[in-house]
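Summary of structural features
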Amino acid sequence: MSKYEPLWKYLKDNNKENYKLSFDEIKSILGYDIDHSFLTYKKELIKYGYEVSKIILKEKNIMFKKI
């Protein structure tokens, strides 16, 4: 199981077209802060029907979109 699977399942289960989640919201879902490994693991998200559309470091947000 991927360390980010709870986040991927959250996106899939809520089934929205687009998400804009803050780093704090993601921490609430996962139970820990995201780190640089997120850039590697984000490729797994395609299996759940989503992709990372934008990472906004200045605002500490990540945007996801349904594919």
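Summary of the structure given here.

About the cut-offs
Residues numbered from 1 in each chain as written. Predicted model: local features only at pLDDT ≥ 70, side-chain atom pairs only at ≥ 80, totals over all residues. Heavy atoms only, no water. Buried < 20%, exposed > 50% of the residue type's maximum accessible area, 1.4 Å probe, protein only. Helix = DSSP H or I, 4+ residues; strand = E, 2+ residues; numbered from the N terminus. Arc of directions from axis to C-beta. Contact = heavy atoms within 4.5 Å. Salt bridge = Lys/Arg side-chain N within 4 Å of Asp/Glu carboxyl O. Core = buried A, V, L, I, M, F, W, Y, C linked by side-chain atoms within 4.5 Å. Pairing = 2+ DSSP bridges. Axes fitted to C-alpha atoms, helices over the stretch in contact; angles between N-to-C directions.

What about helix H1 (residues 5–14)?
- Along H1, the positions that sit buried rather than exposed are Glu5, Leu7, Trp8 and Leu11. Mapping the buried residues of H1 onto a view down its axis gives an arc of 165 degrees, with all of them on the same face.
- The inward-facing, buried residues of H1 contact strand S1 (18–22), helix H2 (23–30), helix H3 (38–41), strand S2 (50–56) and strand S3 (61–66).
- Among the residues trailing H1, asparagine 15 stands out with phi positive, at a value near 50 degrees.

Brief notes about the pattern of salt bridges
- Scanning all chains against the criterion turns up 5 salt bridges.
- For lysine 3, the salt bridge is made with aspartate 35, and the minimal N-O distance between the two is 3.2 Å. Of this pair, lysine 3 sits in the segment before H1 while aspartate 35 sits in the loop between H2 and H3, and the two are 32 residues apart along the sequence.
- Overall, the relative accessible area of 31% leaves lysine 3 in the partly exposed class.
- Between aspartate 33 and lysine 27 there is a salt bridge; the shortest N-O distance is 3.8 Å.

A short note on the nonpolar core
- Leu7, Trp8, Leu11, Ile26, Phe38, Leu45 and Phe64 are the most contacted members of the largest nonpolar core, which has 16 residues in total.
- Sorting the residues of this core by element identifies H1, S1, H2, S2 and S3 as the ones contributing at least two each.
- Take this core: its biggest share by element is 3 residues, from H1.
- With sequence-adjacent residues up to four places away left out, leucine 7 is seen in contact with Leu21, Ile26, Ile29, Leu30, Phe38 and Phe64.

Some points on the sheet that holds S1
- Pairing is antiparallel in the open sheet, where 3 strands are placed in the order S1-S3-S2. Looking at strand neighbours, the two that pair on one side only are S1 and S2, the edges of this open sheet. Averaged over all pairs of adjacent strands, the angle between their axes in this sheet comes to 20 degrees, without regard to strand direction.
- As defined by bridge partners, S1 adjoins S3 across 5 bridges and the pair is classed as antiparallel. Residue pairing in the sheet places leucine 21 in a bridge with isoleucine 62 of S3.
- The sheet contacts of H1 involve S1, S2 and S3, and relative to S1 the element is tilted by about 140 degrees.
- The sheet contacts of H2 involve S1 and S3, and relative to S1 the element is tilted by about 90 degrees.

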